Amino acid sequence: MKVFNYVLVAAATASTASAFMGPSAAKSVRPSSQAVPRNLFNKLFSSSADTKYPIMAEEAVMSQKAHGTSEKPVMKNLRWGCDYDTADRICNFNRHYAEYAGYWQTTEFLKNLDNEEKPIKFYDSVTGKLLFTAPIGRSMEDFVKESLSHGWPSFRDAEVNWDYVRCLRDGECVSTTGTHLGHNLPDASGNRYCINLVSVAGEPEED
């Protein structure tokens, strides 16, 4: 079964990550110091610099609000068993740090993969707005493989809902309402949005 293979690979990757990151699921780490230089290099010299994505925003979108950079805390009933405290801290009181590499593999995400409606919809953990849909233009196996390789769920331009997602000049990826999501770390294939699962584990907003 595919999901069994995903879990086996995930377990191996998570074990490697834990050797460096420690056992605490609440621990946050700063993205690689190479992230910003690589981001700028790709923007300046890669073909992706000529595309219309990412859609940019000014720093004001992350201004202080009623609850950190958002108007309210994250939802209590986060999907895939994501930790509330970790999610609230990363989404609303953080600009540079992330859930530790491989954290998403310790949740129920991979175990429940076969039961998820495809493509999978990822909602803002604060507002419930649809932010990402994946996979689009590739297989589920390719989406999971790339995410496992990098350590965080990784999305491409076509998988982003640009109605509610923006990027700042330093590569930070955020929602239009102030939720910190992750960072854009382009590679040879183009923009790659490396996103904290705790930031996109919300339930869809009610109509």
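Please refer to the structure higher up on the page.
Residues numbered from 1 in each chain as written. Predicted model: local features only at pLDDT ≥ 70, side-chain atom pairs only at ≥ 80, totals over all residues. Heavy atoms only, no water.

A. Representation of the overall build of the protein in the model. The helix and strand inventory of the protein stands at four helices and nine strands. The N-to-C order of helical and strand elements in the protein reads α-β-α-α-β-β-β-α-β-β-β-β-β. Burial statistics for the protein: of 207 residues in total, 52% are counted as buried. A separation threshold of at least 6 residues defines the contact pool for the protein, and within that pool the share at least 24 residues apart is 68%. Looking at the protein as shown, the accessible area adds up to about 10,100 Å², and 55% of this sits on carbon and sulfur atoms. (Helix = DSSP H or I, 4+ residues; strand = E, 2+ residues; numbered from the N terminus. Buried < 20%, exposed > 50% of the residue type's maximum accessible area, 1.4 Å probe, protein only. Contact = heavy atoms within 4.5 Å. Areas by Shrake-Rupley, 256 points an atom, 1.4 Å probe, with all protein chains shown as cover.)

B. Looking closely at the nonpolar core. With 37 residues, the main nonpolar core has Phe109, Phe122 and Phe132 as its most contacted residues. For this core, the secondary-structure elements that each account for two or more residues are helix 3 (84-92), strand 3 (120-123), strand 4 (130-134), helix 4 (140-150), strand 6 (165-167) and strand 9 (193-195). Ranked by residue count, the leading element in this core is helix 4, at four residues. Ignoring any residue separated from it by four or fewer positions in sequence, one finds Phe122 in contact with Arg79, Trp80, Phe109, Lys129, Leu130, Leu131, Phe132, Ala134, Phe143, Phe155, Leu197 and Val200. (Core = buried A, V, L, I, M, F, W, Y, C linked by side-chain atoms within 4.5 Å.)

C. Representation of helix 4 in the model. Of all the residues in helix 4, the buried ones are Met140, Phe143, Val144, Glu146, Ser147 and Leu148. Two residues or fewer after helix 4 comes Gly151, characterised by a positive phi angle close to 110°.

D. Local environment of the pairing of strand 7 (residues 172-175). Side chains of strand 7 alternate between two faces, with Glu172 and Val174 and Cys173 and Ser175 buried alike. Bridging between strand 6 and strand 7 involves three bridges; their strand directions are antiparallel. Considered in strand 7, the bridge of Arg166 is made with Val174. Here strand 6 hands over to strand 7 after four residues, with Gly171 in that stretch at a positive phi of 95°. Counted along the chain from strand 7 to the antiparallel partner strand 8 (residues 180-184), the turn is four residues long, and its residue Gly178 has a positive phi close to 105°. (Pairing = 2+ DSSP bridges.)

E. Summary view of the sheet that holds strand 5 (residues 154-155). Strand order in the open sheet formed by five strands is 5-9-8-7-6, with antiparallel pairing between adjacent strands. A single partner strand is all that each edge strand has here, and the edge strands are strand 5 and strand 6. Note that strand 5 and strand 9 share two bridges and pair antiparallel. By the bridge assignment, Phe155 is partnered in strand 9 with Tyr193.

F. Up close: the pattern of salt bridges. Summed over all chains, the structure comprises ten salt bridges. With its nearest N and O atoms 3.9 Å apart, the salt bridge here joins Arg169 to Glu58. With Arg169 in the loop between strand 6 and strand 7 and Glu58 in the loop between helix 2 (35-45) and helix 3, this pair connects stretches of sequence that are 111 residues apart. Across the pair, exposure class does not vary: Arg169 and Glu58 are exposed alike. We note a salt bridge from Arg95 to Glu172, for which the minimum N-O separation is 2.7 Å. (Salt bridge = Lys/Arg side-chain N within 4 Å of Asp/Glu carboxyl O.)

G. Just the side chain of Asn196, in detail. Checked against the element boundaries, Asn196 lands in the segment after strand 9. The class of Asn196 is buried, set by a relative accessible area of 2%. At 2.9 Å, the side chain of Asn196 forms a polar contact with the backbone nitrogen of Glu99. Setting aside anything within four residues of it in sequence, one finds Asn196 in contact with Ile90, Tyr97, Ala98, Glu99, Trp152, His180, Leu181 and Gly182. (Polar contact = N/O pair within 3.5 Å; in protein donor to acceptor, adjacent residues only side chain to side chain.)

H. Summary view of the environment of Met140. Along the polypeptide, Met140 turns up in helix 4. A relative accessible area of 15% means that Met140 is categorised as buried. Sequence separation of Met140 and Leu113 is 27 residues, and the distance between their C-alpha atoms is 9.4 Å.

I. View of the environment of Ala87. Relative to the assigned elements, Ala87 resides in helix 3. Counting along the chain gives 114 residues from Ala87 to Ala201, while the straight-line C-alpha distance between them is 8.8 Å. Setting aside chain neighbours within four positions, we find Ala87 in contact with Val74, Leu78 and Val198.

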